[in-house]
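A look at the structure
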Amino acid sequence: MTKRLSLHTRTTPAGPVIELVGELDHHTAPEIRAALPALSLNPGQQLVLDLGTLTFCDSTGITVLIAARNHALAAEASIVLAAVPDRVSRIFRIVGLEQVFLIYLTAQDAEAAWRPTAG
Amino acid sequence: MDVRSRNHVRVTGRTGAPVVMLAHGFGCDQNMWRLVVPELERHFTVVLFDHVGAGNSDLTAWSRERYSTLDGYTDDLLELCRELALGPITFVGHSVSAMMGVLAAAREPEAFAGLVLLAPSPCFIDEPDAGYRGGFSAEDIDELLESLDANYLGWSGAMAPVVMGNPQRPELGEELTSSFCRTDPEIARVFARVTFLSDNRADLARVAVPALVAQCSSDAIAPPEVGAFVHARIPGSQLVTLNATGHCPQLAAPEETAAAIAAFAGAIQ
Amino acid sequence: MSKTNDEEHGGAREDEGPVDDRAQFSALLEDSAEDLYEHAPCGYLSTQLDGRIAKVNTTLLDWLGYQPEDLVGRKYFSELLTVGGRLYHETHFAPMLRMHGEISGIALELKATDGSRLPVLVTSTVKKGGGGQPLLIRTTIFDARDRRAYETELLRARQAADRERDRLQALTTTLQKTLLPPTLANVPGLDVCAHYHVASVDEVGGDFYDLFPLAAGTWGMFLGDVCGKGVAAAAVTSLARYTLRAAAVYHPDPVAVLGNLNTVLNHEYNGADPRFCTVVFGLLTPDRVHGGFQITLASGGHPPALLMRADGTADILPTPGGQLIGVLPDAHISTTTVHLAPGDTLLLHTDGLTEAHTNAAIGGGERYGDDAFLDFGRALAPTTATGTISAVRGLLDTFGTGVDDDTAVLAIHVPRPHSDEQQ
């Protein structure tokens, strides 16, 4: 099976930004999910998942987003999504996730909106 | 069940001409006939097919129950005749397929204009008490099954012999796929048992259509005396001994083989 | 090591071993092609096209205990083989060689004159003349005694692995069956049909459905999809199925049933490997006044049902805002009610159908999609439960290997009164 998803991580003062490129489904989800625990997050930081180049996401792919959310909440950090493609937001609507994640148009918007929480 | 795709049927040659159906034997597939087809196509409608379990047949159609006896193959053969509805055909059966032709013609003679039995053997195992010599003992057949197993690793999967799309040999043609002579080991084992353990000596006398027994001058699998036996038991049959040696005259001596088939099929149709 | 040491070493050798060196060197120079052929560490054999032996090297003669005159011009290659090997040669080896001009690495056994057997690996090529016409067959034979023992082990391991795989597939099939009802309940006045498409025989999938009686002439049904595959997903599927049935008996309000399941899953699975499902639960009540059935559907983040009307129209039945089950402590469940009149058909499905690749055979990445699915319903309406499921199965067949996730479909249909059905 050719790899159809890659993951690019960069760090900003606001916290890590993960860009998911490709298809997020049951072939690719386990690998990404396995990479999450190693992701360092400090309390008050914000994890941004940039989905601008995500071409596909099925119900199994959703587990990755939820695992990321669980990871962020456990670290007392927050999680937001950026640049959610139409296709993916349609699935979000079906599974009712659009109410669970804060969504920004772009990763830059998400970074700009972040405010450090007072000690 | 679509019989045509189940048996990967191909019909070529002259439309409306007498029909010759070519049935391959144990081990390979319809590509066995590729050297005789060009000649036969000039005179006949030629029907080629793969037995279920071989070549490009539908492997999902294979079951141990149906294909543990020659009857399953014979049923297939008669279904093919009905499906194609080409009228009485000349059936050319190589090796074990010759006996499928015998069984089918005994059951539905009206479907057949004639039978060509190429390197046939009604029974491979000797029966000394009956004075019959098939050429092999039961132990020999067990040994063949071991040989199949010994090449199981090599014949399955990625370690297959260098047969796939060899660019230096375009003459092999597209139809010659990697499947040639490679069979699922499980299927091969069952087919080997059917082939080498069947005894159809008693069925020969039931053939009531014209028959040609074509044997090779030297054949390790079906020796000349076996061909003579078949000829003697099928009423009114003809016997021709080809100059070809080995068990596969359609490969070793395609012109001679095609000529024998054409002469017989042309005369009876 | 220093340069000086090298020179010293070289100098010492010049004194001690010039004779050996020179003998070796001249032996190398004098090694004739003929000698190499005769005494090569493998057997060489040339035959005519019919297999009659024309030339054979000393190595092979020695292995088998023959004199050249025993073989050349007298015997066929296949006569050197065991009987089983000879059959194999005639039915596989020779045809392959004829067809391809070469064949390599075939395991056979040769018979020696003393009756012993020599396991060998045989490679043959057909030598051709200038015009491409085959002239003779060249065969190389390697002693494979050591290898054969190893291969026997390998073969045994392979067969054991095959048996294990069969066992696993049988187990998977059995497990899959336990997750689905053996037969759907027979609901008076309702035509019901379901289908489960298994995407992989090696892995149990996470789709599930059921239809079962509840108190006072009502019926419960559900269809859902647990994320993921394999045994872990199957455990969730099993939990979901039994929780739904138990909860429905306890309190058949669809929102309460799904709320119950949400609580159970949310407690059970959290953290880095979240498990959730999307599910539709329906409560079916016969409509004594208007005929047909009154259906209350609750959706927990599941793709909407497709409603195909008796008048030939079709549309999706939205259940907006329902959230997937098991992730959030207080998932929102949305409901909708619909009256299923005589001639109407309701189809529930999992996303394995809509996410199937439509042209997998040619490596395409196109997915079927919701729009095409709606068009499918519009083309099908009006229909029956059996008609719907058979059409879906046909659709899945056209996708072939493109259906890479399990797919469950459940259709319910209210038959028209008998007199109408005739028309």
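Nothing here was measured: the structure is a model prediction, and the numbers come from that model.

Side note on the overall build of chain C
Along the backbone of chain C there are 13 helices and 15 strands. Scored against the burial criterion, the 423 residues of chain C give a buried share of 40%. For chain C, long-range pairs separated by at least 24 residues make up 61% of all intrachain contacts whose partners lie at least 6 apart in sequence.

Points about helix 11 (residues 370–380) of chain C
Residue and element names in this part refer to chain C. For helix 11, every residue scored as buried is listed here: Phe373, Phe376, Gly377 and Leu380. Angular distribution of buried residues about the axis of helix 11 spans 95°; they occupy a single face of the element. Along helix 11, the residues that are exposed and aim more than 90 degrees away from the buried face are Asp371, Asp375 and Ala379. Residues of helix 11 that are buried make contact with strand 11 (305–308), strand 12 (314–317), strand 14 (345–349), helix 10 (351–354) and helix 12 (385–399).

As for the packing of helix 8 (residues 230–250) of chain C against helix 9 (residues 254–268) of chain C
Residue and element names in this part refer to chain C. The contact between helix 8 and helix 9 brings their axes to 9 Å, and the two run at 140°. Taken together, the axes of helix 8 and helix 9 are oblique relative to one another. In this structure, helix 8 meets helix 9 at a crossing whose hand is right-handed. On helix 9, the residues that touch Leu239, Ala240, Thr243, Leu244, Ala247 and Ala248 of helix 8 are Val257, Asn260, Leu261 and Val264. In terms of residue class, the contact of helix 8 with helix 9 is built from eight nonpolar, two polar and no charged.

With respect to the environment of Ala82(A)
Residue and element names in this part refer to chain A. Residue placement: Ala82 occurs in strand 5 (residues 78–82). In this structure, the C-alpha to C-alpha distance between Ala82 and Ile18, residues 64 residues apart in sequence, is 9.9 Å. Ignoring sequence-local partners within four residues, the contact set of Ala82 consists of Val48, Leu49, Asp50, Leu51, Gly52, Tyr104, Thr106, Ala107, Asp109 and Ala110.

A closer look at the packing of helix 3 (residues 70–84) of chain B against helix 4 (residues 96–107) of chain B
Residue and element names in this part refer to chain B. Two elements in contact, helix 3 and helix 4, have axes separated by 9 Å at closest approach and are oriented at 65°. As helix 3 runs across helix 4, the sense of the crossing is right-handed. Contacts from Leu70, Tyr73, Thr74, Leu77 and Leu78 of helix 3 reach helix 4 at Met99, Met100, Leu103, Ala104 and Arg107. Partitioning the contact of helix 3 with helix 4 into residue classes produces eight nonpolar, one polar and one charged.

Observations regarding the nonpolar core
Within the largest apolar cluster, 107 residues are counted, with the highest numbers of intra-cluster contacts made by Val20(B), Leu115(B) and Leu117(B). Residues contacting Leu117(B), with those up to four places away along its chain left out, are Gly93(B), Ala98(B), Gly101(B), Ala211(B), Leu212(B), Val213(B), Ala214(B) and Val230(B). By size, the runner-up hydrophobic cluster in this structure holds 105 residues, among which are Leu190(C), Tyr209(C), Met221(C) and Leu265(C).

Structural notes on the sheet that holds strand 3 (residues 45–49) of chain B
Residue and element names in this part refer to chain B. In space, the seven strands of this open sheet follow the order 1-3-2-4-5-6-7, with mixed pairing throughout. Looking at strand neighbours, the two that pair on one side only are strand 1 (10–13) and strand 7 (238–245), the edges of this open sheet. Across the sheet, the mean angle from the axis of one strand to that of its neighbour is 20°, orientation sign disregarded. Contacts from helix 10 (residues 254–268) reach strand 2 (19–23), strand 4 (89–94), strand 5 (112–118), strand 6 (211–218) and strand 7, with the element oriented near 160° to strand 7.

Notes on the pairing of strand 5 of chain A
All names here are of chain A. Along strand 5, five of the five residues are buried, which leaves the element largely enclosed by surrounding structure. Neither face of strand 5 is open: one carries Ser78, Val80 and Ala82, the other Ile79 and Leu81, and all of them are buried. Across five bridges, strand 3 (residues 46–50) lies against strand 5 in parallel orientation. In the sheet register, Leu47 faces strand 5, and the bridge partner there is Ile79.

Some words on the sheet that holds strand 7 (residues 207–213) of chain C
Residue and element names in this part refer to chain C. Read across the sheet, five strands follow the order 7-8-9-10-13 without closing on themselves; strand pairing throughout is antiparallel. Every interior strand has two partners, whereas the edge strands, strand 7 and strand 13 (334–340), have only one. On average, adjacent strands in this sheet sit at an angle of 15° to one another, irrespective of strand direction. Bridge count for strand 8 (residues 219–226) against strand 9 (residues 277–286) is eight bridges, and the pairing is antiparallel. Residue pairing for strand 9: Met221 is matched across the bridge by Gly282. Along the sheet, helix 8 contacts strand 7, strand 8 and strand 9; its crossing angle with strand 8, the most-contacted strand, is approximately 160°. Helix 9 contacts strand 9, strand 10 (293–300) and strand 13 of the sheet and is inclined by roughly 25° relative to strand 10.

Some thoughts on the confidence of the model for chain C
Looking at chain C as a whole, the pLDDT averages 86, with 92% of positions reaching at least 70. This stretch, residues 1–14 of chain C, has a pLDDT under 50; its non-local contacts, to residues over four places away or in other chains, come to one contact.

So, the interface of chain C and chain A
How big an interface is tends to be reported as the loss of accessible area on association of its parts. Between chain C and chain A, the residue contacts involve 23 residues of the former and 17 residues of the latter. For the side of chain C that touches chain A, a count of residues per class yields eight nonpolar, nine polar and six charged.

Definitions and limits used
Residues numbered from 1 in each chain as written. Chains lettered and ligands numbered in written order. Predicted model: local features only at pLDDT ≥ 70, side-chain atom pairs only at ≥ 80, totals over all residues. Helix = DSSP H or I, 4+ residues; strand = E, 2+ residues; numbered from the N terminus. Buried ≥ 20, exposed ≤ 12 C-beta atoms within 10 Å, placed from the backbone. Contact = placed C-beta atoms within 7 Å. Arc of directions from axis to C-beta. Axes fitted to C-alpha atoms, helices over the stretch in contact; angles between N-to-C directions. Parallel < 35°, antiparallel > 145°, perpendicular 65-115°, else oblique. Left-handed = near helix turned anticlockwise from the far one by under 90°. Nonpolar A, V, L, I, M, F, W, Y, C, P; charged D, E, K, R; others polar. Core = buried A, V, L, I, M, F, W, Y, C linked by C-beta atoms within 7 Å. Pairing = 2+ DSSP bridges. pLDDT = per-residue confidence, 0-100.

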